[in-house]
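Chain by chain, the residues:
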Amino acid sequence: MIRVCRCEEAEHQEDPTDLKQKKQSASSRFPFPVFTVVCTKFKKMERITPLLEFCPDEKNIERLSSVDQLKERVRSVQHFATLCHQISHDEKTSQDVFIELMDPKSLKKTPKYTLFIVDRQCKSAQKFAAFVVPQGRETDWLFSSHEGRRQLADSAKFQRLLVIHLGRDHQFDSLDSVQTELAGIVSSLQPQGLPANTQIPFLSLGAQVNQRKEIYRAASESTGDYVIEEVEEENDGKPVILRRLIFLSNPNVIQSEARMKNGKVDLKHLACQHHLVMVEELRQHLDAKNPALSSILVLGLGGGALCTYLHQAYPHFKVDGVEIDPIMVELAEKYFGFKPSENLRPHIADGLAFVRDLAATESGERYGCIMLDVDCKDRSLGISCPPPSFLDSNFIGSVKQCLNPHGFFFMNLVCRDETKRNNVMEMLRKSFEIVQMRKIKGEVNEIIRCHPLALSTPAKARNGRKSLKK
Ligand SMILES: C[S@@+](CC[C@H](N)C(=O)[O-])C[C@H]1O[C@@H](n2cnc3c(N)ncnc32)[C@H](O)[C@@H]1O
């Protein structure tokens, strides 16, 4: 039998003869993990393979099936120790560092925990805490975005805050069990200068960690893996159930969302803030008696939350939804209360081709409003909505051609890059006389509204013109 045990005590022992070591503070030294290897000889027995065990700390023993696994465990502890040392000695950066932790005991290939390390630039008396995000809330702006996590650290007033996301594929019993499992790792990430035995507070939004119920999971050719799940949130002190469509390629972004009422989708409620903003603006045009408004085109149907809401609020309008993935239309009908009818029509097509073909057809439909709500699958671009092909001036030219002379265009923009955002605004201004951006508090989404000057705009929009000339 071979047992490899980590000896943390030995790592923190000082050598009284090492003067150089004495000069260093305890936290600035790098205690490389120390292991002991205990080999026990047994009488050889037929068909019995050697027993291999790994003890990452005093409390846990793991039985492994191969020497390679044993070596891998030792290596991962060494890597983690090196990483922790680097993090605690790095100059504070303006970007969050994050670490993904897998569960070696599980067959799941996704991280069990994601730890975001948020360091505040200003000094604080409270040095370090961990914040566990309840399952289902990691899509909130406060926890999913860099800016949100900074705001959270500022309001918690800790010098360093570890924001912990719980992997959606894993089971968590309670906040206490999360704390027990992560205690060792969290204490390795404490900032320089804190004594080794410091008690680290674990914070959260309540005592629960398990607020997510998976309804359906599958994969489609164009979307990849996706889930439909329900989470419970509080609204004005009352619990509400929200049903969500999530693409696992971008797990912290909600594609479609609906509020549930008595086990059914509440068709009269719009759950996504950016949809609410678009509909609010639309109402202003209706109040201003914009004659153009009798047909709406939504590019990116997804779960159909926006189309369904528009149809129930304005049943006499013609609402067309374009969706590239036919599976999404099925999901919209089955899980989000989307019911096609004469005035609510799904079109399975690439939004780009749909608009280009329509623009080229002289007798084609000319819409009063076009709403662009298409996600971008390439996460390296810094724009998660829409994809770059929809930010092309030729495409925007085609959109303009598909609008009637009083029509207007909304774009849901999710962009973390200031320069790219300015380029998008610049490009849109070349096609439309009025281009306005509306930021949404607590969200990464921004709504850009574009329309021709000819439009008899509501007072608010007309006032906005001045700022556009800046
Ligand atoms: C953010 S979701 C749309 C949410 C939807 N508007 C709602 O109200 O629930 C984005 C959708 O755009 C679709 N999509 C992605 N690329 C597309 C394209 N080129 N043309 C049409 N739809 C596309 C995706 O399949 C996804 O369903």
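Figured I'd write up the structure that's included with this text.

The rules behind each value
- Sequence positions are assigned chain by chain, starting from 1 and proceeding in written order.
- Given that this is a predicted model, residues contribute local features only at a pLDDT of at least 70 and side-chain atom pairs are listed and counted only at 80 or more, while totals for whole chains, interfaces and linings are drawn from all residues.
- Only hydrogens and water are set aside when side-chain values are computed; all heavy atoms of the structure are taken into account.
- Secondary structure elements follow DSSP: runs of H or I no shorter than four residues count as helices, runs of E no shorter than two count as strands, and numbering proceeds from the N terminus.
- Relative accessible area decides the class of each residue, using a 1.4 Å probe on protein chains only: under 20% of the type maximum gives buried, over 50% gives exposed, and in between gives partly exposed.
- Angles run from 0 to 180 degrees between N-to-C directions of axes, and those axes are lines fitted to C-alpha atoms, restricted for helices to the stretch in contact.
- Put simply, angles under 35 degrees are roughly parallel, angles over 145 are roughly antiparallel, angles from 65 to 115 are roughly perpendicular, and the rest are oblique.
- Handedness of a crossing is defined here by the sense of rotation of the near helix relative to the far one, left-handed for an anticlockwise turn of less than a right angle and right-handed for a clockwise turn.
- Whether two residues are in contact is decided by their heavy atoms, any of which lying within 4.5 Å being enough.
- Classes in brief: Ala, Val, Leu, Ile, Met, Phe, Trp, Tyr, Cys and Pro nonpolar; Asp, Glu, Lys and Arg charged; the others, Gly included, polar.
- Nearness is defined per residue: one heavy atom within 4 Å of the molecule or strand is enough.
- The definition of a polar contact used here is a pair of N or O atoms within 3.5 Å, where within protein one atom must be able to donate a hydrogen and the other to accept one, and adjacent residues in sequence count solely through side-chain atom pairs.
- Using a 1.4 Å probe, accessible areas were evaluated by the Shrake-Rupley method; residue-level cover was limited to the displayed protein chains.
- Either an automatic procedure or a domain database provided the assignment from which the domain bounds are taken.
- When DSSP finds two or more bridges between two strands, those strands count as paired.

1. Remarks on the overall build of the protein chain
Working step 1: From N to C terminus, the protein chain includes 13 helices and 22 strands.
Working step 2: When the 470 residues of the protein chain are sorted by exposure, 48% land in the buried category.

2. Some words on the packing of helix 7 (residues 273-287) against helix 8 (residues 305-313)
Working step 1: Two numbers describe how helix 7 lies on helix 8: the axes approach to 11 Å, and their chain directions differ by 30°. On the basis of the axis angle, helix 7 is roughly parallel to helix 8. Classified by chirality, the crossing of helix 8 by helix 7 is right-handed. Every residue of helix 8 that contacts helix 7 at H275, V279, L282 and R283 is listed here: L306, Y309 and L310.
Working step 2: Within the contact of helix 7 with helix 8, the residues separate by chemical class into five nonpolar, one polar and one charged.

3. With respect to the site of the ligand
Working step 1: Among the 22 residues in the neighbourhood of the ligand, the closest are listed as S256, G300, E323, G351 and D373.
Working step 2: S256 places a side-chain nitrogen or oxygen 2.5 Å from an oxygen atom of the ligand.
Working step 3: A distance of 2.8 Å separates a nitrogen atom of the ligand from a polar backbone atom of G351.
Working step 4: Considered on its own, the ligand offers 610 Å² of accessible surface; in the complex 95% of this is hidden by protein.
Working step 5: Contributing elements (two or more residues each) for the shell around the ligand: strand 13 (254-261), helix 8 and strand 16 (318-323).
Working step 6: A breakdown of the residues in the shell around the ligand according to their chemical character gives ten nonpolar, eight polar and four charged.
Working step 7: Both domains that furnish three or more residues to the shell around the ligand are identified here as domain 3 (212-265) and domain 4 (273-468).

4. With respect to the pairing of strand 20 (residues 403-415)
Working step 1: Across the 13 residues that make up strand 20, a large majority, eleven, are buried.
Working step 2: As paired elements, strand 18 (residues 367-372) and strand 20 share five bridges and run parallel to each other. Its bridge partner being in strand 20, M371 is matched across the sheet by F410.
Working step 3: Where strand 19 (residues 383-385) and strand 20 come together, two bridges link them in antiparallel fashion.

5. Considerations on the sheet that holds strand 10 (residues 212-220)
Working step 1: Spatially, the five strands line up as an open sheet ordered 10-11-12-13-14, and their pairing is antiparallel. Looking at strand neighbours, the two that pair on one side only are strand 10 and strand 14 (264-265), the edges of this open sheet.
Working step 2: Sheet topology note: the strand 11 (residues 224-235)/strand 12 (residues 238-247) ladder contains ten bridges and is antiparallel. Residue E229 lies in a different strand from strand 12, and its bridge partner there is R244.
Working step 3: Across the sheet, helix 9 (residues 326-335) touches strand 10, strand 11, strand 12 and strand 14, and the angle it forms with strand 11 is around 30°.

Purely spatial values, then, with no claim about function.
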